[in-house]
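What follows is each chain in one-letter form.
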Amino acid sequence: MGNPQSVRGNAVTATVSEARTLAELDDVDLARLDAWWRAANYLTIGQIYLRGNPLLREPLKPEHIKPRLLGHWGTSPGLSLIYAHVSRLIRHTGQQAIYLAGPGHGGPALVAAGYLEGTYSGIYPRVSQDEAGMLRLFRQFSSPGGIPSHVSVTTPGSIHEGGELGYVLVHAFGAVMDNPDLLAVAVVGDGEAETGPLEGAWKGVSFLNPARDGAVLPVLHLNGAKISGPTVLARKDPQEVRELMRGHGYEVLEVEGEDLPGMHHRFAAALAEAWYKIHDIQQAARSGRWDGTRQSWPMIILRSPKGWTGPDKVDGITVTGTWRSHQVPLSGVRDNPQHLAILEGWLRSYRPEELFDQSGAPNALIRDQAPAGELRMSASPHANGGRLTRDLDLPDFRDYAVDVPAPATTHAESTRKLGELMRDIYTTNSTNFRLFCPDETNSNRLGAVFEVSDRAFMERVTDDDVAISRDGRVMEVLSEHNCHGWLEGYNLTGRHGMFATYEAFAMVSASQTVQHGKWLQESRNLPWRAPVPSLNVLLTSTAWRNDHNGFSHQGPGLIQVVLTQRGDVARVYLPPDANTLLSVADHCFRSRSYINLIVIDKQPQLQYLSMDEAIAHCAQGVGVWEWAGTDDGSSEPDIVLACAGDVVTMETVAAAQILRDRLPGMNVRVVNVVDLMTLPRPKDHPHGMNETLFTELFTDTVDVIFAFHGYPGAIHQLVHGRPDADRFRVRGFIEEGTTTTPFDMTVRNQASRYHLVMDAINNAKRLPRGAAALKAWCQTQLAKHEAYVVEHLEDMPEVRDWTLPNRAQQN
Ligand SMILES: Cc1ncc(C[n+]2csc(CCOP(=O)(O)OP(=O)(O)O)c2C)c(N)n1
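Residues numbered from 1 in each chain as written. Predicted model: local features only at pLDDT ≥ 70, side-chain atom pairs only at ≥ 80, totals over all residues. Heavy atoms only, no water.

A. Molecular detail of the environment of T415. Tracing the chain through its elements places T415 in helix α15 (residues 414-428). Exposure remark for T415: the relative accessible area of 0% places this residue in the buried category. Placed 183 residues apart in sequence, T415 and V232 show a C-alpha to C-alpha distance of 44 Å. Contacts of T415, omitting those with residues within four sequence positions, involve N444, R445, L446, T540, L581, I600, D601 and K602. A polar atom in the side chain of T415 sits 2.8 Å from the backbone oxygen of N444. (Helix = DSSP H or I, 4+ residues; strand = E, 2+ residues; numbered from the N terminus. Buried < 20%, exposed > 50% of the residue type's maximum accessible area, 1.4 Å probe, protein only. Contact = heavy atoms within 4.5 Å. Polar contact = N/O pair within 3.5 Å; in protein donor to acceptor, adjacent residues only side chain to side chain.)

And the structure:
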């Protein structure tokens, strides 16, 4: 558990032998636990129901009840019981811990915890620890102008909202990586345990190194029900559940019942045993007594009634212990005197007069239950990871530059350069940078990182395995959900990284991208939440070059997803070559609290810009490539050829060259876009270029043929509101895919150089003589291509080997 001396705050520390008494509750501990739990439950119900009379100092009346009853009771008592016991453990051991509630709909329980620990009032002084503050606490919950009902960003100590179920374990594992002193207690709902992401997340232990990483303690909360039905794990033979968990690599501890104080005693014993086991595993690993095998980490199965301590029956129907207690067990309270009486009896059963003093503040028993200072889970600096964030020590990205003697004349695998950059980031940042990738680090040409770090793996390693060991820090697991979630947990606790994945399969975890974006967006409104490292997502193996894998691997959907997110968090970059990629990556690694989506293929590709040119181009995010067009800026062009994305940039540059050669009278401007978010208006996105620059690049009236990496609709969406936006004709991925040649992909999607030339002719302001003949030639070329690929199984040499003729020699 690390050195207790290093714990921040006024840690109450204990030696291990002292801590061994943890398993037994003495009367003082029991009284504190019981009082704290009652208070948390009381405050939870108060948040759901009350708008007046917070301490029940007068009989409960209809006007004390909120008009709209919103919130979730069922999971809350279990969450609070676990929280109380972990707090006691912290008090006795000095353990640094954070708490993640998988069933995040138990938000009022975690808000109550922060309030009882004093953290809440510290952050939100109006919600003070007195009667007036308690009333505000109740009124704000699930109310307009108040706080959401989940363990949302506004909840101190939270790094996990738990609104979209399934991610509690992945966040917990990410939080403890390279965080040796941290224990992440992760409560898994039994409904949540039915989700795909959660089922895959148990595997986290196969990647956790006890010497270097912290620990996750899963508590499987088997309260038996979901919203309106039973859960699989609660109804399974308990032996099967045990075996399932053992098979996932855990040692199972079980606590079952509803008797009090028996449940307190049994849970305390189970938690103590879990902590000793974690302690022993870590001590052994950290003192060289680990044989390197994957350890059996403890987990707790808690079987307790859903809605525990709530009303047994309502209107003669059983509520507690059933799905009926999931949300609001008593409805219509304002209009139903019987329900009002049940609510009053329920609230009074916690004996609030014993829990809060005359002013309404928690009494000494409750205050003493909380750990000190930053050891309170609601005050953990880990959960406000921005405070612990250290900047990356970044090498100079210019040192990795590709030499580009002339534009579009040489090839390179751009992502290989990024791999080299990340290799050196690993070296200089040995505890706060990791790459997360579903089994594709090599395939994505990022393998240089293996020169300095293996892949982490705690299961058996054989002689045939390459770059895999328990000491590795490159995270490869064939689960986009795990990769994404681990990086989120890593980011939210203040560390940096990159999630690199096949473009099409980024959609597997797209919902996580959306949810994380919401978190980041909300956190911007909370000054007490320090900015955290950005979530960097690299999409390689893209739609246009998955010619070998075919249609299933061709889908640029994540761009669409990210650009619909709010401008204060969403960034999308389409660097066309290595030097622009390096410049973009450097920017992303330095940034905070964004989702940075970077899209570039891994295959050998044409290189366009020297490093200096790339830096200038990326700084503006968009620019005219004069060398590619025939427009010298002195007059309006006849047509603008714009592009965003590597393959379509090549097609655009090739199209411009065809026009230059075969229709020299046409004035063609080429514009390349690296930062997609320069396209919207400044009022729609902070990167949006101002109207003057937009006009300078795209004019106000000339038609624009836009070749786009993703779905064409995205560009229409982005230029909405720009002068005469209808003049943008967009070519992009139109769901035409299969196993075919690289160029045939562009033909099938009508985004080839020949299509772009024809588009230019069809939409140009002015048509020089020869235009009709050139269109006919393009059609001939397309027909020739179709015949050629079928016969030769590869692209025509003039396309396959195309590079831009050296302009110096041409002119
Ligand atoms: C991915 C996802 N699907 C559906 C829901 C809707 N939902 C909210 S709570 C809930 C039941 C949760 O059951 P469980 O995880 O057992 O939590 P508890 O019983 O402790 O409330 C469901 C299905 C959701 N929040 N997330």
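Structure shown, so let's carry the discussion forward.
B. Layout of the site of the ligand. Lining the immediate surroundings of the ligand are 16 residues, of which T75, H105, D190, G191 and K306 lie closest. Within the side chain of T75, one N or O atom sits 2.7 Å away from an oxygen atom of the ligand. Within the side chain of K306, a nitrogen or oxygen atom sits 2.5 Å from an oxygen atom of the ligand. Summarising the interface, the protein chains cover 74% of the accessible area of the ligand, which totals 590 Å² for the free molecule. Residue classes in the shell around the ligand are distributed as four nonpolar, seven polar and five charged. (Near = heavy atom within 4 Å. Areas by Shrake-Rupley, 256 points an atom, 1.4 Å probe, with all protein chains shown as cover. Nonpolar A, V, L, I, M, F, W, Y, C, P; charged D, E, K, R; others polar.)

C. View of the confidence of the model for the protein chain. With 97% of its residues at a pLDDT of 70 or more, the protein chain shows a mean pLDDT of 95. Across residues 1-14, confidence stays below pLDDT 50; counting only partners more than four residues off in sequence or on other chains, it has 39 contacts. (pLDDT = per-residue confidence, 0-100.)

D. Fine view of the side chain of R376. On the secondary structure map, R376 appears in the loop between α14 (364-369) and β8 (410-413). No salt bridge is formed by the buried R376. Its closest oppositely charged neighbour is E117, at 5.5 Å. Side-chain polar atoms of R376 contact the backbone oxygen of E117, separated by 2.7 Å. Within the local environment of R376, its side chain forms a polar contact with the backbone oxygen of G373, the two atoms lying 2.8 Å apart. (Lys, Arg positive; Asp, Glu negative; His and termini not counted. Salt bridge = Lys/Arg side-chain N within 4 Å of Asp/Glu carboxyl O.)

E. Inspection of the packing of helix α16 (residues 480-492) against helix α17 (residues 510-523) at higher detail. Their axes nearest at 10 Å, the elements α16 and α17 cross at an angle of 15°. For the element pair α16 / α17, the angle class is roughly parallel. Helix-helix and strand crossings are classified by hand; for α16 and α17 the assignment is right-handed. Two secondary-structure elements touch here, α16 through E480, H481, H484, G485, E488 and L492 and α17 through Q512, T513, H516 and W519. Of the residues belonging to the contact of α16 with α17, the class tally is two nonpolar, six polar and two charged. (Axes fitted to C-alpha atoms, helices over the stretch in contact; angles between N-to-C directions. Parallel < 35°, antiparallel > 145°, perpendicular 65-115°, else oblique. Left-handed = near helix turned anticlockwise from the far one by under 90°.)

F. Region of the structure containing the packing of helix α2 (residues 27-49) against helix α3 (residues 76-93). Running from amino to carboxyl end, α2 crosses α3 at an angle of 140°, the nearest separation of the two axes being 9 Å. Once α2 is placed against α3, the crossing between them reads as right-handed. Between α2 and α3, the contacting residues are D29, R32, L33, W36, W37, A40, N41 and T44 on the first element and S76, P77, S80, L81, Y83, A84, H85, R88, R91 and H92 on the second. Its residues placed into classes, the contact of α2 with α3 shows eight nonpolar, six polar and four charged.

G. Geometry of the sheet that holds strand β14 (residues 535-540). Read from one edge of the open sheet, six strands run β12-β9-β13-β14-β16-β15, paired in parallel fashion. Of all strands in the sheet, those bounded by a partner on one side alone are β12 (475-476) and β15 (570-573). On the sheet, α15 packs against β9 (433-437), β13 (496-502) and β14 and is oriented at approximately 140° with respect to β9. (Pairing = 2+ DSSP bridges.)

H. A look at the pattern of salt bridges. Taken as a whole, this structure holds 41 salt bridges when the rule is applied. For R592, the salt bridge goes to D391, with nearest N and O atoms at 2.3 Å. Here the residue R592 occupies a position in the loop between α19 (578-590) and β16 (595-599), and D391 occupies one in the loop between α14 and β8, the gap between them amounting to 201 residues. Taking the relative accessible area as the measure of exposure, D391 reaches 59% and is therefore exposed. Across the pair E413 and R416 runs a salt bridge, and its minimum N-O distance is 2.4 Å. For E413, a relative accessible area of 21% translates into the label partly exposed. Exposure remark for R416: the relative accessible area of 38% places this residue in the partly exposed category. One connected set of salt bridges, linked through shared partners, spans D178, R212, D213, R434 and R473.

I. Molecular detail of a negative patch on the surface. A surface patch of like charges, here negative, comprises E636, E691, D700, D724 and D726. Considering the arrangement of structural elements, one finds E636 in the loop between β18 (622-624) and β19 (639-644). (Patch = residues over 30% accessible without salt bridge, like charges linked within 9 Å, V, L, I, M, F, W, Y side chains within 5 Å. Charge placed at Lys NZ, Arg CZ, Asp CG, Glu CD.)

J. Region of the structure containing the state of the cysteines. Considering all chains together, one arrives at zero disulfides under this definition. Counting only cysteine sulfurs, C437 is the nearest neighbor of C483, a cysteine outside any disulfide, at a range of 6.5 Å. Since its relative accessible area comes to 0%, C483 is described here as buried. (Disulfide = S-S within 2.5 Å.)

K. View of the packing of aromatic side chains. All chains considered together, the criterion is met by 27 aromatic pairs. Note on Y124 and W528: the rings are 6.2 Å apart at their centroids and 90° apart in plane angle, and the pair reads as edge-to-face. Placement of the pair is Y124 in the loop between α5 (119-123) and α6 (131-140) and W528 in the loop between α17 and β14, with a sequence separation of 404 residues. A centroid spacing of 6.0 Å and a plane angle of 85° characterise the contact between W544 and F733, whose relative ring orientation is edge-to-face. (Phe/Tyr/Trp six-rings, centres within 6.5 Å; stacked < 30°, edge-to-face > 60°.)

L. View of the pairing of β13. Of all seven residues making up β13, seven are buried, and the element is well covered by its neighbours. In the sheet, β9 pairs with β13 via four bridges, with the strands oriented parallel. Looking across to β13, one finds that L435 is bridged to M498. In terms of strand pairing, β13 meets β14 through five bridges, oriented parallel. Bridge pairing links A500 to L538 in β14. A crossover links β13 with its parallel partner β14, the connecting element being α17, and its sense is right-handed. (Right-handed = clockwise from strand over helix to strand, strands pointing away.)

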